[in-house]
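Descriptive structure summary
Read off the chains here:
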Amino acid sequence: MCDKHNNGVNCFSHVDSGLPEVMLSCTVNGENVCAHIDPTMTLLNFLRRDLKLFGTKEGCGEGECGACTIIMNSSAVNSCIILALEAMDANIITVEGLNKNGKISILQREFISNDALQCGFCTPGMLMSARALLDRNPEPDESEIIEAIAGNFCRCTGYVPIIKAITSASKIEREGMKND
Ligand code: FES
Ligand code: FES
């Protein structure tokens, strides 16, 4: 834990740089977003502070833990080490965007059914890494799942239920596609 945390200060909150604001335009969970932002703001801070999308978590702030994972232009990325400006014209999906018509997705449901979360802190990031994997590879084997979530740390589950949940979601989603 850093000195700022020990003093009760949130060390990840954005401090305005004093530089002129710039216009950011992108799509977040299917909605067009335009905002004036400080050019030094991270994408994580933009999502949480400006858009109030608190599902994306702040862990290490250094690209190491995966808690802040979102999908940007079809790839899972750590939003804490990306400037919000880098998301110009990008298509962003956060964990809030996984719901469909107010219902949780198959992937989220399988995390619950397989006990793939305990404290839940890693879960939004884990879900987004899994979603990006299933979108590019609907039938991943275990080693591909392990590789896809290698950057997402979980201190609670031991990973086995998470791998089971992703495997199960991939099967159910494929069955659904066949029946469509
Ligand atoms: Fe972004 Fe840890 S908070 S990787
Ligand atoms: Fe607690 Fe993963 S469920 S860190």
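The structure this text deals with has already been given above.
Rules and cut-offs
Residues numbered from 1 in each chain as written. Chains lettered and ligands numbered in written order. Predicted model: local features only at pLDDT ≥ 70, side-chain atom pairs only at ≥ 80, totals over all residues. Axes fitted to C-alpha atoms, helices over the stretch in contact; angles between N-to-C directions. Helix = DSSP H or I, 4+ residues; strand = E, 2+ residues; numbered from the N terminus. Parallel < 35°, antiparallel > 145°, perpendicular 65-115°, else oblique. Left-handed = near helix turned anticlockwise from the far one by under 90°. Contact = placed C-beta atoms within 7 Å. Buried ≥ 20, exposed ≤ 12 C-beta atoms within 10 Å, placed from the backbone. Arc of directions from axis to C-beta.

Side note on the packing of helix 3 (residues 106-113) against helix 4 (residues 123-136)
Contact geometry for helix 3 and helix 4: axes closest at 10 Å, N-to-C directions at 125°. The orientation of helix 3 with respect to helix 4, classified from their angle, is oblique. Here the hand of the crossing between helix 3 and helix 4 comes out right-handed. Taken together, the residues of helix 4 that come into contact with helix 3 (itself represented by Leu107, Gln108 and Phe111) are Thr123, Leu127, Ala130 and Arg131.

Structural notes on helix 3
Considered for burial, the residues of helix 3 that qualify are Leu107, Gln108, Glu110 and Phe111. The buried residues of helix 3 occupy an angular sector of 160° when projected down its axis, which confines them to one face. Once helix 3 ends, the next one or two residues include Asp115, with phi positive near 50°.

Observations regarding the environment of Met177
Looking at where Met177 falls in the secondary structure, it is placed in helix 6 (residues 160-179). Since 9 C-beta atoms lie within 10 Å of it, Met177 is described here as exposed.

Function-wise, these values are silent; they only describe arrangement.
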